[in-house]
Every structure is written in structure tokens, then in C-alpha cells.
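Report on the structure
Spelled out from the first residue to the last, the chains are:
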Amino acid sequence: MTPSATTIRPRSEARNAPPRRRARKPAPPALRATRSGRPRTAFVLSGGASLGALQVGMVRALYERGITADLFVGTSVGALNAAFIASRPQTPATARELARAWHEIERGDAFPLSLRTVVGGLAGRRDHLVPERGLRQIVQRHLQLDDLRDARIPLHLVAFDIMAGSETVLSEGPACDAIVASCSIPGIFPPVAIGDRLLIDGGVVNNTPIGHAVELGAERIYVLPTLEPSRPQLSPPQTALDAAIYGIRLLAGSRLEADIARYGGDVELIVLPVANSRQVQPTDFDHSIELAADAHAACGEALAGINPIATAAA
């Protein structure tokens, strides 16, 4: 079956009716200077641990077709990928550089299990099973930002504030801390303190933060998911770590479906296809090359008929 991108257009456009003027909130300053002739465009990158390698191929397919972003919104591993590409030119060369970075990552790098930490967590002496040092080292190795404000393209990372009990969008401040916080799966990694906030993985409650892109003024949103909205898991989890992430992904699939229905009438959504026919688990880092290649091929076909310059309905 030929893969396709799911495109949801604003209601007035979908019904072939004259464009209906909508009352919009003023666009944030970062978006007011976008190029004329096309909608303000956001890339929204979801979480998914090792399945973030799919986004490598998606980004390459987008850039090869001249499709670029005016802002990036990411959470969990999508925050790491978004920070990487937001700090570099929006070209296929950047996508290839991201692919090389993924090729270097092994499971032991991202999830360096320590007997001391695991025992401490099981005994109630720690609130996590995996130390954050491996994740932080990955971020520091590939990050070209000190502060989120330094990004070439406006960058917004989503985390969850466990003290306030609400999502938070990080758009400025120490970039490494923000990325690690957005990736800190609760119970697996420790929370990250930033100021008076204690932050964990934003994907726990909102794994594909479409709503934040809408609030930031985006009119066209390319969604780079790591799971099909209606099929959050293709095969049963094999390990305790897989099972923990599986539970989060079940919730994430439901939230993504709901957000597509909720925002599809207000902005143009292009949901890229997920090419994971190998049923790779989100803790398996041995297939990043194959995942990126499959996603590149699938998204290349899906994007073939999409015009990045066309304006959206007002």
C-alpha cells in the first residue's frame, strides 16, 4: 500500500466554501516576520525513545522538498531532535548529520542501567531506575545551543511540571537542562529541577503537542509522530522498561487522535506516516538506520503532492 500523509484542512477549506475570517490571537513576535506567501509553519515532533530515529527520515524528506519550519515544538525524544535541527540550517545535509548522530547511540548510552540505582529504586530509596548521565551526555555531545533562545528557528520544548501538575513550554533558558527534562520518563529517569519547577517527560500527558503549536500561531502543522494514532503498539513489550513505555504510548495514541479531531478545523494538519513495519520497540536502538530509511521513503511518497508555498484558508 502506498503510504500517505494524513492532511486535515480547516473546515472552510474542506467544504470548498469562501474563506471564513476567524478571530486569531496575535502571533508571537517570533512568527510575525515569517515569509509572505505561505502559512506560518510548525514541525511538531513527538516522543518515542528509540523510535525518534523515524523523525530523521521524516525531516530529510521534508527538507528535500523545500518544506521548512518557522518554529519547532517537541517533547521527549522529539525535543532532542527538534533542538538538533533548530540549531542548524534547514537542509538535507542537517538531516544527514542527525542520522549520523543517531547511528552512534546505543541502548546502553540512553539507558545505562546501574545495579545500585535499580536496587535503590525498587527499595524506595530513589525515585528512578536509570541515572540521567547517559541521556545528558548524548545531549551535550550533539547540542549546539547554550540557551534555547539561541536557536536559528524558534524552539519550544514541552515538559510536565509535577509540582504545579501542568504542562509547561520551555522557550528560553539552559538548553541541555530543558531537553533532559523533556526526555525524563517518570520512574525511569529522575525529575529535573529548573528554577522552582520540577520537570519530567512532557510526553506523559501530551506526546504530540499540536495544541502548543496552534497557540504559538502556527497555521500549517507537520506532525512527525513515532506511532500511528490508532495503533500505539504493534507487538507486545518484551521487558519491564518496554512495558513502562508501552503504557505511556497507549495514552499518547488516544491524545493524538483527540488533538487531530480538535485542531483539524482550525489549522492545516499534515500527519506524516509512521514506517515501523519491523515493529521495533522504543528501547531498541539497533535499527536507527533502517527506521530512518523507511521513514524517508514513506514520507517522500506521502509528500509528493504537497505544495509548501500554498497559502492556507484565512
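Each remark here, short or long, concerns the structure printed above.
Now for a description of the structure that goes with this document. (Residues numbered from 1 in each chain as written. Predicted model: local features only at pLDDT ≥ 70, side-chain atom pairs only at ≥ 80, totals over all residues. Heavy atoms only, no water.)

Some points on the packing of helix 3 (residues 53-64) against helix 5 (residues 92-104)
So the rule is basically this: To obtain each axis, a line is fitted to C-alpha atoms, and for helices this fit is confined to the stretch in contact; angles are then taken between N-to-C directions over 0 to 180 degrees. Strands are runs of DSSP state E lasting at least 2 residues, helices are runs of H or I lasting at least 4, and numbering of each runs from the N terminus. Oblique is the label for any angle not under 35 degrees, not over 145, and not in the 65 to 115 range, which are roughly parallel, roughly antiparallel and roughly perpendicular in turn. Left-handed describes a crossing in which the near helix is turned anticlockwise from the far one by less than a right angle; the clockwise case is right-handed. In this description, contact between two residues means that some pair of their heavy atoms is separated by no more than 4.5 Å. Charged residues are taken to be Asp, Glu, Lys and Arg, nonpolar residues to be Ala, Val, Leu, Ile, Met, Phe, Trp, Tyr, Cys and Pro, and polar residues to be all remaining types, Gly included.
Packing of helix 3 against helix 5 leaves a shortest axis separation of 8 Å and a crossing angle of 170 degrees. With respect to helix 5, the element helix 3 is oriented roughly antiparallel. Judged by the twist between their axes, the crossing of helix 3 over helix 5 is left-handed. Here Ala53, Val56, Val59, Arg60, Tyr63 and Glu64 of helix 3 come into contact with helix 5, specifically with Pro92, Ala95, Leu98, Ala99 and Trp102. Counted by class, the contact of helix 3 with helix 5 contains nine nonpolar, no polar and two charged residues.

A few points about the packing of aromatic side chains
By convention here, two paired aromatic rings are described through the distance between centres and the angle between planes. The line we're drawing: Here a pair means two rings of Phe, Tyr or Trp (six-membered ring of Trp) with centres within 6.5 Å. Their orientation is stacked below 30 degrees between planes, edge-to-face above 60, and tilted elsewhere. Burial classes: relative accessible area under 20% of the type maximum marks a residue as buried, over 50% as exposed, and values in between as partly exposed (1.4 Å probe, protein chains only).
In the structure shown here, the tally under the stated rule is four aromatic pairs. Between Phe43 and Phe72 the ring centres are 5.6 Å apart and the planes differ by 70 degrees, which places this aromatic pair in the edge-to-face class. Of this pair, Phe43 sits in strand 2 (residues 41-45) while Phe72 is found in strand 3 (residues 71-75), placing the two residues 29 residues apart along the sequence. Take Phe43: its relative accessible area is 0%, and that puts it in the buried class. With a relative accessible area of 0%, Phe72 lands in the buried category. Centre to centre, the rings of Trp102 and Phe285 are 6.3 Å apart; their planes meet at 15 degrees, and the pair counts as stacked. Separated by 183 residues along the polypeptide, Trp102 in helix 5 and Phe285 in the loop between strand 9 (268-271) and helix 12 (288-302) bring together distant segments of the chain.

Details of the environment of Gly300
Relative to the elements of secondary structure, Gly300 occurs in helix 12. The spatial distance from the C-alpha of Gly300 to the C-alpha of Leu272 is 9.8 Å, given a sequence separation of 28 residues. Aside from chain neighbours lying at most four places away, what touches Gly300 is Ala61 and Arg65.

Section: the pairing of strand 9
What counts here: A pair of strands counts as paired when DSSP detects no fewer than two bridges linking them.
Both faces of strand 9 are covered, namely the face carrying Glu268 and Ile270 and the face carrying Leu269 and Val271. With four bridges joining them, strand 8 (residues 220-224) and strand 9 adopt parallel strand pairing. Counted as the bridge partner of Arg220 is Glu268 from strand 9.

Remarks on the state of the cysteines
Stated formally: Note on disulfides: each one is a pair of cysteine sulfur atoms within 2.5 Å.
Under the defined criterion, the tally for this structure stands at zero disulfides. Left unpaired, Cys176 is separated from the closest cysteine sulfur, that of Cys183, by 10.0 Å.

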